[in-house]
Amino acid sequence: MKSKITTPITLRGRKFTASSIGAVKSCVKEYRKFGRTRISREVCIRLKWKQPNGWLKDRACRDVMIQLETLGVIKLPKSKLNRKAKAEKKTNKTEPSFGNYLINENVSEIPESIELILAKSNKEEQIWNYLVEKYHYLGHKVIVGRCLKYLIVSNNIILGAIAYSSPAWRLGTRNQILQKMGFTSDDIMNKVINNSRFLILPTVKVQNLASKLLSLSLNKVVTDWTWYYSIKPLVAETFVQPSKFYGTSYKAANWLEIGITKGYAKSGMSYHNSQEPKKIYLYGLNNQTRSKLMKVVISESEKD
């Protein structure tokens, strides 16, 4: 039986009154057959819930709807995400057509030219998904939220793959540092990007290539992210698993280590301490942000 909320509640920084919750219920009923994404978009339109650039805040809205369902206020249709993830994982097991792209058996010298080719809703994305699933220790997973993927190519020879996506939702150490730089909660969720995948193929063994690729990809993604999502990112974050990597390439590319995660993994609306804690790295995406970030990180380290 559905619960009734008679007093306003605050979810994701927004106050929901009986009237606004009524609008959510109406959208759930009217657009149920179209799925959760359509429902969240319609809720955003009806409640005029938008980002400063005019884009709908449908990601935050989906989170709110899940919380309302947990509270027994609404009943959402089943998520299509798991079915999509299973379908994509099955597809990734089949090697895609590489077309003119090649995977060289031995790349030992730094290439004269390197391209980062956007892999989004094209054949390059199929190749990206396949390579990451096959060669990256985390594999390929469907990413919820904003994401830009790139194939790293030199003269049609694939060197690797990299991706930037929406930031981690809850990260105390990161939030504390960025808030001291003047970031609001919305700034963190909108102006921070996560280097969620970085793969150099095992056939590519070139010294200092990783740090070079990080620098190239950051320059590229700032331009593309701004164009694609109408938001200019200011900070990049990433996580390094200490049992597998030292974070050498990030340090060489001047990323700053700011702390370590608590090892919590998100499952639905809850978090479980089931992962190995990872080192957190941040990088300012312009000179001013880098300078502020360095000052705050140094200040924090002096307190320890």
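Attention here is on the structure that accompanies the text.

1. Notes on the sheet that holds strand β7 (residues 235–240)
Argument step 1. Sheet architecture is open: seven strands sit in the order β3-β4-β5-β6-β7-β11-β8, paired in mixed fashion. The open sheet has two edge strands with one neighbour each: β3 (115–118) and β8 (256–260). Going across the sheet, the axis of each strand differs from the next one's by a mean of 30°, ignoring polarity.
Argument step 2. Direction of pairing for β3 relative to strand β4 (residues 147–154): antiparallel, over a ladder of four bridges. Counterpart to L116 in the pairing with β4 is I152.
Argument step 3. Against the sheet, helix α5 (residues 123–135) engages β3, β4, β5 (157–165) and β6 (192–200), with an angle of about 85° to β4.
Argument step 4. Its contacts with the sheet put helix α6 (residues 172–180) on β6, β7, β8 and β11 (279–284), and the angle it makes with β8 is roughly 130°.

2. Regarding the nonpolar core
Argument step 1. Core analysis: the biggest nonpolar cluster contains 47 residues, and L131, I158 and W255 have the highest contact counts within it.
Argument step 2. Top contributing element to this core by residue count: helix α8 (residues 209–229), with nine residues.
Argument step 3. Excluding its chain neighbours within four sequence positions, the residues that come into contact with L131 are F98, I103, H136, L151, I158, L199 and L201.
Argument step 4. Counting residues in hydrophobic clusters, the runner-up holds 22 residues, among them F16, A23, V28 and M65.

3. Quick word on helix α10 (residues 287–303)
Argument step 1. In this model, α10 (17 residues) spans 25 Å end to end at C-alpha, consistent with the 24 Å of a helix rising 1.5 Å per residue.
Argument step 2. Within α10, burial applies to T289, L293, V296, V297 and E300. What you see down the axis of α10 is that its buried residues fit within an arc of 100°, all on one side. Among the exposed residues of α10, those pointing more than 90 degrees away from its buried face are N287, Q288, K295 and E302.
Argument step 3. Buried residues along α10 sit in contact with α6, β7, β8 and β11.
Argument step 4. The N-cap of α10, judged by a side-chain oxygen 3.2 Å from the amide nitrogen of Q288 a few residues on, is N286.

Cut-offs and rules
- Residues take numbers from 1 onward in each chain, read along the sequence in its written order.
- Predicted model: local features are reported for residues with pLDDT of at least 70 only, side-chain atom pairs are reported and counted for 80 or more only, and whole-chain, interface and lining totals are derived from all residues.
- Side-chain measures here rest on the full set of heavy atoms in the structure, leaving out hydrogens and waters.
- Here, a strand pair is defined by DSSP locating no fewer than two bridges between the strands.
- Note on conventions: DSSP H or I runs of at least 4 residues are helices, E runs of at least 2 residues are strands, and numbering of each starts at the N terminus.
- The convention used is that axes are lines fitted to C-alpha atoms, helices contributing only their stretch in contact, and that angles between N-to-C directions extend from 0 to 180 degrees.
- Contacts between residues were defined by any pair of non-hydrogen atoms, one from each residue, lying within 4.5 Å.
- To define a nonpolar core, start from buried Ala, Val, Leu, Ile, Met, Phe, Trp, Tyr and Cys residues and group those joined through side-chain atoms within 4.5 Å.
- Working definition: with a 1.4 Å probe on protein chains only, accessible area under 20% of the residue-type maximum means buried, over 50% means exposed, and in between means partly exposed.
- Expected span of a helix, by definition, is 1.5 Å for each gap between consecutive residues, and there is one gap fewer than residues.
- When we speak of the arc, we mean the arc of directions from the helix axis to the C-beta atoms.
- By the criterion applied in these results, polar contacts are pairs of N or O atoms within 3.5 Å in which, for protein atoms, one can donate a hydrogen and the other can accept it, and in which residues neighboring in sequence qualify only through two side-chain atoms.

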